[in-house]
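# Coordinates in review
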Amino acid sequence: MTLPLSSGDPARSEAPQPFFFPGSAGPLFCLLQAPPEGTAPRGALLYLPPFAEEANRSRRMAVLQARRLAARGWAVLLLDPYGTGDSSGGFHEARWEIWQADVEAAAAWLTTRWPGIAVSLWGLRLGALLAAEVAGRHPARFARLLLWQPVLRGDQFMSQFLRLRIAAAMAAGEKESGEALRGRLAAGETLEVAGYELAPPLVAAIESRRFDTLLPALSDCRIDWLEVTSAEGEPAPAPASQRLLEALPDDTAGRVNCRAVAGAPFWTIQEITLAPALLDATDARFE
């Protein structure tokens, strides 16, 4: 699928190349946005999408950013991890450990395609948490992290996701609680939430992840952290992000470049929504 660049942006790149490659659990769908023909890539970025419906709502932003980065000489690979998007497997079969292996396999594919290329990870929301963990497992393998609106605590994120089911039950005149849903998950039951079948092992893995525990392993990795805010006034990172950053030791804080820009939370909005300032801020980090 080819989507136009945002209005007024003169950058151009090659047409995206969709393909499948073997993942650890089954074929994975990817979209490669390469630099203009005859241009050697300056580096490569591997995009890790957010969770469930957030991935669909964010797809246009991801593709637009990939095209803009490719026009500036970067190779960008957009990945659908196992059980998501157009990759093989059902969502109920998705596991955090499989997703980690998928990221590693996709990064290896990039270095096979362009030997010696520096690979960076780009993650949005839960994809940013996954990117940080994979980079921490391989500290010398990834040059930098580009984090869009990272999820800081998996347990809080999953509580918010379960509220979608609670709200749907309430609208139907039924009553469910987070405690009851967690009890069913603990008993091994797969739950349907907002059209997605949620398996207990995936929930448990996500809930055990915290961004602050991953940062110490990223000692050799540059981190570009960008957030979007619709609040009035000068854009600033979310309070939780600011508290985490203020608590970092000096040697870690010096590697984290965090900035907030004004815009809409496109990953939450059903209609296709763009955040042009986020695209521009990302471009500026990869000039």
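Reading guide: rules and limits
- Residues numbered from 1 in each chain as written.
- Predicted model: local features only at pLDDT ≥ 70, side-chain atom pairs only at ≥ 80, totals over all residues.
- Heavy atoms only, no water.
- Pairing = 2+ DSSP bridges.
- Helix = DSSP H or I, 4+ residues; strand = E, 2+ residues; numbered from the N terminus.
- Axes fitted to C-alpha atoms, helices over the stretch in contact; angles between N-to-C directions.
- Contact = heavy atoms within 4.5 Å.
- Phe/Tyr/Trp six-rings, centres within 6.5 Å; stacked < 30°, edge-to-face > 60°.
- Buried < 20%, exposed > 50% of the residue type's maximum accessible area, 1.4 Å probe, protein only.
- Salt bridge = Lys/Arg side-chain N within 4 Å of Asp/Glu carboxyl O.
- Polar contact = N/O pair within 3.5 Å; in protein donor to acceptor, adjacent residues only side chain to side chain.
- Expected span 1.5 Å × (residues − 1).

### Considering the sheet that holds strand β2 (residues 27–33)
Strand order in the open sheet formed by eight strands is β1-β2-β4-β3-β5-β6-β9-β10, with mixed pairing between adjacent strands. Pairing within the sheet leaves two strands with one partner each, and these edge strands are β1 (17–22) and β10 (256–262). When strand polarity is set aside, the average angle formed by the axes of neighbouring strands in this sheet is 20°. As judged from the five bridges shared by strand β6 (residues 142–148) and strand β9 (residues 222–229), these two strands associate in the parallel manner. Within β9, the residue paired with L145 across the bridge is I223. Strand contacts of helix α1 (residues 53–71): β2, β3 (43–48), β4 (74–79), β5 (119–124) and β6, with the helix running at about 160° to β4, the strand carrying the most contacts.

### As for the packing of aromatic side chains
For the structure shown, the criterion picks out 14 aromatic pairs. When the ring of F51 is compared with that of F157, the centres are 5.6 Å apart and the planes differ by 80°; the resulting orientation is edge-to-face. Placement of the pair is F51 in the loop between β3 and α1 and F157 in helix α4 (residues 154–171), with a sequence separation of 106 residues. Since its relative accessible area comes to 3%, F51 is described here as buried. Plain terms: the ring middles of F266 and W267 are 5.0 Å apart, the flat faces sit at 85° to each other, and that makes the pair edge-to-face.

### A short note on the pattern of salt bridges
Within the structure shown, the criterion is met by 17 salt bridges. Put simply, R144 and D224 hold a salt bridge, and the shortest N to O gap is 2.6 Å. Remark: D224 occurs in strand β9 and R144 occurs in strand β6; sequence separation between them is 80 residues. Here R144 and D224 have matching classes, each one buried. A salt bridge links R222 to D224, with the shortest nitrogen-to-oxygen separation between them at 3.3 Å. According to the relative accessible area criterion, R222 is partly exposed, its value standing at 38%. The class of D224 is buried, set by a relative accessible area of 0%. Salt bridges linked by common partners bring R68, R72, D280, D283 and E287 together as one network.

### Focus on the environment of R72
Position of R72 relative to the elements: it lies in the loop between α1 and β4. The class of R72 is partly exposed, set by a relative accessible area of 24%. Among the polar contacts made by the side chain of R72, one reaches the main-chain carbonyl oxygen of R68 at a distance of 3.0 Å. There is a polar contact of 3.4 Å between the side chain of R72 and the side chain of D283.

### Overview of the pairing of β1
Where β1 and β2 come together, six bridges link them in antiparallel fashion. Paired with Q17 across the strands is L32, a residue of β2. Between the end of β1 and the start of β2, which pair antiparallel, lie four residues.

### Considering helix α2 (residues 96–113)
Taking 1.5 Å per residue, 18 residues should reach 26 Å; α2 reaches 26 Å between its end C-alpha atoms and fits that length. Taken residue by residue, α2 has W96, I98, W99, Q100, D102, V103, E104, A106, A107 and L110 as its buried positions.

### Concerning the side chain of R125
Checked against the element boundaries, R125 lands in the loop between β5 and α3 (126–137). Only 3.2 Å separates the side chain of R125 from the side chain of E54, close enough to count as a polar contact. What R125 contacts, discounting residues up to four positions off in sequence, is P50, E54, W148, Q149, P150, V151, F157 and W267.

Functional significance is not addressed by these values, which are geometric in nature.
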